[in-house]
Every structure is written in C-alpha cells, then in structure tokens.
Amino acid sequence: MLIAAGLLAGLNLIAGLALTWAHSRLPANDDGLIDAIDALLPQTQCGQCGHPGCRPYAEALAKGAPLDLCPPGGQETFTALKALLGREDGAIPLEPKPAVARVREPDCIGCALCLDACPVDAIVGASGFMHTVVERQCTGCELCLPACPVDCIELVEMPTAVAGGASPIRAVPPDASAPCIGCNRCEPECPQSLAPQHLVRLIRGGQLNGAADAGLDHCIECRLCDRACPSGIPLAHLFGAAKRELRVRDDRQAQATAAKARFDARNARLQAEQSDARDRRARRLASGNGRPW
C-alpha cells in the first residue's frame, strides 16, 4: 500500500511539473493589452496601417509592430502608444487634414459598390438609386473613392473649427501667459465656488481631465475672476478655451466609439450573411436540387 501511494504521489508530482512547463510555453493572454491599444486608435478602420482595421493593428502592435503606421491618429495617438507600450521606435506620422466623403449626387449611378467599401456603414442608398454619405458618421478613410466606377465621390476638407484639428488653448491671447502669483484673490469672487487659481495651474500643465474633475465645466465665464486678478490673466477666456477643447476631445472619443460599433456590427452582419449563404447551398446540395460542382 505504501509503495502504491508513493508511486501515485510521484505520478501526480510529475504530472504537475509537466502541466507547469506546458503552461509556461503557452503565449500569455494579452487581450487586455490589445483592448488598451485598440482604445487609443482612432477607429477610422481605413487600412492605412496595412491591417484590415484598428483591432488587427492593435493585435500587431501587441506583438511588436511599428508604432508609426497610423496617420489618422497623428501625434496624439503615436505619443499615447509610446507611453502605453514603453517603446521609442518610429517617427510621428504625418496626420492628414480632417475630411469627409461626399457623393456628387447628379453623377451617382446607384451601383452600390461604395456601400460595401465603407467600413463603418456611413453611406446610405439602395441599388439603382442615388447614394449619400452621412457626414457625421464618415471617418474620411477614402476607401469608397476607388470603389466608385464613375468617380462621383470626393473628399472634402473639413473646417478646422469643426474638425477640432487645432487646439483652442493655442488661440488664447498672449497676455494669458502672465504668471499667476498665487494671491488667491480670484477665489472669493467666483459665484460657482470654484478655485480659479487651481484651475489655471491644471490647464497650463496640460491636465485638462484634472481641471474637469475640479469643476471646470461649472465655470459660467462671468469674468469676475478677471477683474480680481492683479496679473491681468484673462481667466474666463482661458477656462472657456479649455472647456471647448474638452468638448472636442469628448466628441472625438464618441465618434470613435460609434465608428467602432458600426464596424463591428458590419462585420457581424457580413459573417452572418456568409454563414446563411453556406447553409442554403448545403441544403440545396443535400436535396439534390443543386449542382454538385
């Protein structure tokens, strides 16, 4: 009995060591890292990175792909990827100017080829009828342009103010750089019980999220703090510019989230259609009504 028990214990030990070794040889589960990378990408699904969408590029990045393959992401995405992955390779890609596709409707022949080319379902229409682009949903990926046989789709540059390409903070007048002396005279004047002095430090330090947490959005830009400031800092202007930049940032994030959802829904629909087509073909062959070849 003792010998049998010893043999059993030995076998269990060997099996445990074998499982441990096998587990160490398996690749780590990096879904969390891929999700984090994917969240930083602009979700244009344009394929300029050489991958069929943002998620595949995120998977490639997790395995060591270059950081500089996403022009739509520009400097912001490139910098965020460097910080997340702790890498220094590549150079900042040249960010294209924000643009949307538009269909010259009188020239559209209703061929519907652009519908399949759009990765985020931003083009609406039916075969034989005129198509149009839902500009709010368009990511400017340009994939619909080569798909159009009559070249009736064009890319139209969006105004910077609408696209959010320029930082509103940079439009603040030169005197906004006057030093804050920390006198705190502005705080008692604020009707919203904010701390303007603290908000200035956060905004000038690039900590817009921190300024938002400190109540920036509650600022009514009444300029009472401006009058109290001995340094002459245009506080209300600075706070208004920061609020606009936050709104632009939030809008970009919302558009990226919506584009990703439409891209995922489109892929799911296409997969379901392919599966349904295979099932119908299999049923026809099984019933003898289809051609065996």
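Residues numbered from 1 in each chain as written. Predicted model: local features only at pLDDT ≥ 70, side-chain atom pairs only at ≥ 80, totals over all residues. Heavy atoms only, no water.

Novice: Explanation requested: the overall build of the chain in the structure shown.
Specialist: Check the secondary structure of the chain and you find 10 helices and 4 strands. Sequence-ordered secondary structure for the chain, helices as α and strands as β, is α-α-α-α-β-α-β-β-β-α-α-α-α-α. Here the chain holds 293 residues, and 31% of them are scored as buried. Here the analysis covers contacts within the chain between residues at least 6 apart in sequence; of these, 59% occur between residues at least 24 apart. About 17900 Å² of surface is accessible on the chain, with carbon and sulfur atoms providing 57% of the total. (Helix = DSSP H or I, 4+ residues; strand = E, 2+ residues; numbered from the N terminus. Buried < 20%, exposed > 50% of the residue type's maximum accessible area, 1.4 Å probe, protein only. Contact = heavy atoms within 4.5 Å. Areas by Shrake-Rupley, 256 points an atom, 1.4 Å probe, with all protein chains shown as cover.)

Novice: Can you walk me through the nonpolar core in this structure?
Specialist: Burial of nonpolar side chains together is a common tendency in soluble globular proteins. Counting 20 residues, the largest nonpolar core has Leu199, Ile203, Ala211, Leu216, Leu235 and Phe239 as its most contacted members. Of all the secondary structure elements, the ones that give two or more residues to this core are helix H7 (196-204), helix H8 (208-213) and helix H10 (235-287). Apart from the residues lying within four places of it in its own chain, the contact partners of Leu216 are Leu199, Ile203, Ala211, Phe239, Ala242, Lys243 and Leu246. Val100, Cys148, Ala259 and Phe263 belong to the second-largest nonpolar core, a separate cluster that totals 17 residues. (Core = buried A, V, L, I, M, F, W, Y, C linked by side-chain atoms within 4.5 Å.)

Novice: Please clarify how the confidence of the model for the chain should be interpreted in this entry.
Specialist: Close reading of the predicted structure is inappropriate where its pLDDT is low. Here the chain averages 84 in pLDDT, and 82% of its residues register 70 or above. Counted against residues more than four places away or in other chains, residues 19-28, with its pLDDT under 50, gives 0 contacts. The low-confidence segment residues 161-172 (pLDDT under 50) makes 21 contacts with residues lying over four places distant or belonging to another chain. (pLDDT = per-residue confidence, 0-100.)

Novice: Explain the packing of H7 against H10 here, please?
Specialist: Geometry of a packed helix pair, given as the angle between the helix axes and the separation of the axes. Remark: H7 packs on H10, axes separated minimally by 11 Å, with the N-to-C direction vectors making an angle of 50°. Between H7 and H10, the crossing angle belongs to the class labelled oblique. Relative to H10, the crossing made by H7 is left-handed. Facing Pro196, Leu199, Val200 and Ile203 of H7, the residues of H10 in contact are Leu235, Leu238, Phe239 and Ala242. A class-by-class count of the residues in the contact of H7 with H10 yields 8 nonpolar, no polar and no charged. (Axes fitted to C-alpha atoms, helices over the stretch in contact; angles between N-to-C directions. Parallel < 35°, antiparallel > 145°, perpendicular 65-115°, else oblique. Left-handed = near helix turned anticlockwise from the far one by under 90°. Nonpolar A, V, L, I, M, F, W, Y, C, P; charged D, E, K, R; others polar.)

Novice: Hey, could you run me through the pattern of salt bridges in this one?
Specialist: A side chain with one charge may pair with a side chain of the opposite charge, provided their charged atoms come close. Within this structure, the stated rule accounts for 16 salt bridges. Linking Arg104 and Glu154 is a salt bridge whose minimum nitrogen-to-oxygen distance equals 3.6 Å. Residue Arg104 is found in the loop between strand E1 (99-103) and helix H5 (113-117), and its partner Glu154 is found in strand E4 (residues 153-157); the two are separated by 50 residues along the sequence. You can call Arg104 partly exposed: its relative accessible area is 30%. (Salt bridge = Lys/Arg side-chain N within 4 Å of Asp/Glu carboxyl O.)

Novice: It is not clear to me how the packing of helix H2 (residues 31-40) against helix H4 (residues 74-85) should be interpreted in this structure. Could you clarify?
Specialist: Look at H2 against H4: their axes get within 9 Å of each other, and the N-to-C directions meet at 160°. Taken together, the axes of H2 and H4 are roughly antiparallel relative to one another. Between H2 and H4 lies a crossing of right-handed hand. For the pair H2 and H4, the contacting residues are Leu33, Ala36, Ile37 and Leu40 in the first and Thr77, Ala80, Leu81, Leu84 and Leu85 in the second. In the contact of H2 with H4, the residues fall into 8 nonpolar, 1 polar and no charged.

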